[in-house]
Amino acid sequence: MSAEDSKKRAALEALTWLDDARVIGIGTGSTVNHFIDALKSIKGRLDGAVSSSEASAQRLKAIGIPVLDLNAAGELSVYVDGADEANHRLQLIKGGGGALTREKIVAAVSKQFICIVDDSKLVNVLGHFPLPVEVIPMARSYVARELVKLGGRPDWRSGFTTDNGNHILDVHGLTIPDPPALEAQINQITGVVSVGLFARRPADVLLVGHADRVEKIT
């Protein structure tokens, strides 16, 4: 079974966690794309979805699910998103697709955050995947110097602009034994919009797609 099959398995399992939610939060990425495709089977019971990215919004509209503004939708009962890395404490690295800030916002206003990944994303210690940091463009070099002081090797994602009009620094070479502490530390750097550590608000449920099953971690 391929990684895509494992992603699809986790995405289908997430449908069973929606209960009778009428408005849901939707994240970004390849595993979430499988989840959006799966929503076709239940779209009649949904009033709409709040999307963390323009890419996911377009995919939702294409299957006939209204995309709602978060300010109008208010608190969400459930948010479904993927991750670039996840540990057994439900802490995540996200932002490979560049939507980390909006993903953090939607996660913050959701009562339950369901994270869906394939088994290659489950690690013991976060940091092998480069940590994305969204920055105000004029502060990019300053933030990069501060990240070097923390032991990282920041690489500007040249040619990429977030949906918010900002830049991304991908930080290589980190081993992150205490994700909440590093998240707080990076957030305090002037010019940082958001860091792709989801540790202070981790997932509530992690659904890990394997070749033959879906593992649930809570």
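Computed from a predicted model, the values in this text were never measured in an experiment. (Residues numbered from 1 in each chain as written. Predicted model: local features only at pLDDT ≥ 70, side-chain atom pairs only at ≥ 80, totals over all residues. Heavy atoms only, no water.)

A. Region of the structure containing a nonpolar patch on the surface. A grouping of Ile136, Met138 and Val193 is seen on the molecular surface, where their side chains present a nonpolar patch of about 300 Å² in accessible area. With respect to the helices, strands and loops of the structure, Ile136 is situated in the loop between β7 (131-135) and α6 (140-149). Owing to a relative accessible area of 35%, Ile136 belongs among the partly exposed residues under this scheme. (Patch = residues over 30% accessible without salt bridge, like charges linked within 9 Å, V, L, I, M, F, W, Y side chains within 5 Å. Areas by Shrake-Rupley, 256 points an atom, 1.4 Å probe, with all protein chains shown as cover. Salt bridge = Lys/Arg side-chain N within 4 Å of Asp/Glu carboxyl O. Helix = DSSP H or I, 4+ residues; strand = E, 2+ residues; numbered from the N terminus. Buried < 20%, exposed > 50% of the residue type's maximum accessible area, 1.4 Å probe, protein only.)

B. Quick look at the packing of helix α2 (residues 30-38) against helix α3 (residues 54-62). At their nearest, the axes of α2 and α3 sit 10 Å apart, and the two run at 20° to each other. In terms of axis orientation, α2 runs roughly parallel to α3. By crossing handedness, the relation of α2 to α3 is classed as right-handed. Each of Val32, Asn33, Ile36 and Asp37 in α2 lies in contact with α3, whose residues at this interface are Ser56, Arg59 and Leu60. Along the lines of polarity and charge, the residues of the contact of α2 with α3 split into three nonpolar, two polar and two charged. (Axes fitted to C-alpha atoms, helices over the stretch in contact; angles between N-to-C directions. Parallel < 35°, antiparallel > 145°, perpendicular 65-115°, else oblique. Left-handed = near helix turned anticlockwise from the far one by under 90°. Contact = heavy atoms within 4.5 Å. Nonpolar A, V, L, I, M, F, W, Y, C, P; charged D, E, K, R; others polar.)

C. Region of the structure containing the packing of aromatic side chains. A full pass over the atoms with the stated rule returns two aromatic pairs. For the ring pair Tyr79 and Phe113, a centre distance of 5.1 Å and an interplane angle of 35° mean the geometry is tilted. You can see Tyr79 sitting in strand β3 (residues 76-81) and its partner Phe113 sitting in strand β6 (residues 110-118), a full 34 residues away along the chain. Residue Tyr79 shares its accessibility class with Phe113, and that shared class is buried. An aromatic cluster of at least three residues, connected via ring pairs, comprises Tyr79, Phe113 and Phe198. We note Lys104 situated over the ring of Phe198; from NZ or CZ to the ring centre the distance is 5.4 Å. Lying across the ring of Trp156, Arg140 places its NZ or CZ 3.7 Å from the centre. (Phe/Tyr/Trp six-rings, centres within 6.5 Å; stacked < 30°, edge-to-face > 60°. Lys NZ or Arg CZ within 6 Å of the ring centre and 35° of its normal.)

D. Structural view of the sheet that holds strand β10 (residues 192-195). Taken together, four strands build an open sheet; the order of strands is β8-β9-β7-β10 and the sheet is antiparallel. A single partner strand is all that each edge strand has here, and the edge strands are β8 (153-156) and β10. For this sheet, the mean inter-axis angle between neighbouring strands, taken without regard to orientation, is 30°. Helix-sheet contacts for α6 involve β7, β8, β9 (167-172) and β10, and the interaxial angle to β9 is about 15°. (Pairing = 2+ DSSP bridges.)

E. Structural view of the sheet that holds strand β5 (residues 92-93). If you trace the three strands from one edge of the open sheet to the other, you get β4-β5-β11, paired in antiparallel fashion. Strands with a single pairing partner mark the edges of an open sheet, and in this sheet they are β4 (85-86) and β11 (197-198). In terms of strand pairing, β5 meets β11 through two bridges, oriented antiparallel. By the bridge assignment, Ile93 is partnered in β11 with Leu197.

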